[in-house]
Amino acid sequence: MAASGPRMLAAAAEIADRILLATQPASTETELAEMVRIVRENTDRDIRFTHQLVGIGDHLPFWLGKQGLTADGLRDAGAAALLPEDPTAAADLLEYRREKYGIDELVVPDELAAAFAPVLDRCTSPVADR
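Residues numbered from 1 in each chain as written. Predicted model: local features only at pLDDT ≥ 70, side-chain atom pairs only at ≥ 80, totals over all residues. Heavy atoms only, no water.

Novice: Let's hear about the sheet that holds strand β6 (residues 103-107): which residues, and what values?
Specialist: Here we have four strands laid out as an open sheet, ordered β1-β2-β3-β6, and parallel in their pairing. Looking along the sheet, the strands with just one partner apiece sit at the ends: β1 (2-3) and β6. By the bridge criterion, four bridges tie strand β3 (residues 48-52) to β6 in an arrangement that is parallel. Considered in β6, the bridge of Thr50 is made with Glu105. (Pairing = 2+ DSSP bridges. Helix = DSSP H or I, 4+ residues; strand = E, 2+ residues; numbered from the N terminus.)

As structure tokens, then:
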């Protein structure tokens, strides 16, 4: 189930086992944390979260460029859905969010698949191999 506003997040907390945090491209980690807090305050169950990536380094999907968004602009805004270019830094950030917020599933746009592959390699390899 996808949810973004406080009422929908609270409603989803009552019935969903997984919630896609439906954020704007420039939403910050603080906004992600607030969404997770609302869900957790409205359930006693362990709910896992999904988040959609909007970019990796300077790689953005075409449709975001058509909206006038740039990697620099998203970076300046502190966009949580824009991962760092460095695969190890990106994997570490994803692990941090998995542990802290329960975000353990990502939607990766097709246009970002090649840029995400090295991140995925690090996410699936033992920490000592990073």
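Moving on from the coordinates now.
Novice: Could you give an account of a nonpolar patch on the surface, naming the residues involved and the relevant values?
Specialist: Side chains of Met1, Met8 and Ile15 sit close together on the surface and give an oily, nonpolar patch of about 300 Å² of accessible area. Tracing the backbone through its elements, the reader meets Met1 in the segment before β1. (Patch = residues over 30% accessible without salt bridge, like charges linked within 9 Å, V, L, I, M, F, W, Y side chains within 5 Å. Areas by Shrake-Rupley, 256 points an atom, 1.4 Å probe, with all protein chains shown as cover. Salt bridge = Lys/Arg side-chain N within 4 Å of Asp/Glu carboxyl O.)

Novice: Describe the pattern of salt bridges, and please don't skip the residues or the numbers.
Specialist: In this structure the tally under the stated criterion is twelve salt bridges. Glu105 is paired through a salt bridge with Arg18; the nearest N and O atoms lie 3.7 Å apart. You can see Glu105 sitting in strand β6 and its partner Arg18 sitting in strand β2 (residues 18-21), a full 87 residues away along the chain. Accessibility expressed as a relative area gives 36% for Glu105, which makes it partly exposed. (Buried < 20%, exposed > 50% of the residue type's maximum accessible area, 1.4 Å probe, protein only.)

Novice: Provide a residue-level description of the packing of helix α5 (residues 87-101) against helix α6 (residues 113-124), including the pertinent values.
Specialist: Here α5 crosses α6 at 60°, and the two axes come no closer than 8 Å. In terms of orientation, α5 and α6 fall into the oblique class. You can see that α5 and α6 cross each other, and the crossing is right-handed. Residue-level inspection shows Pro87, Thr88, Ala90, Ala91 and Leu94 of α5 in contact with α6, the latter providing Phe116, Pro118, Val119, Arg122 and Cys123. Tallied by class, the residues present in the contact of α5 with α6 amount to eight nonpolar, one polar and one charged. (Axes fitted to C-alpha atoms, helices over the stretch in contact; angles between N-to-C directions. Parallel < 35°, antiparallel > 145°, perpendicular 65-115°, else oblique. Left-handed = near helix turned anticlockwise from the far one by under 90°. Contact = heavy atoms within 4.5 Å. Nonpolar A, V, L, I, M, F, W, Y, C, P; charged D, E, K, R; others polar.)

Novice: Kindly report on the side chain of His51, identifying the contributing residues and their values.
Specialist: The residue His51 is located in strand β3 in this model. A relative accessible area of 3% means that His51 is categorised as buried. In contact with His51, other than residues within four places in its own chain, are Leu21, Thr23, Leu32, Ala80, Ala81, Ile103, Glu105, Leu106 and Val107.

Novice: Quick one: what's the story with the environment of Leu82, residue by residue and with numbers?
Specialist: Structurally, the position occupied by Leu82 is in strand β5 (residues 82-83). The class of Leu82 is buried, set by a relative accessible area of 9%. Separated by 60 residues in sequence, Leu82 and Ala22 place their C-alpha atoms 15 Å apart. Not counting chain neighbours up to four residues away, the residues in contact with Leu82 comprise Val54, Gly55, Ile56, Gly57, Leu60, Ala71, Leu74 and Arg75.

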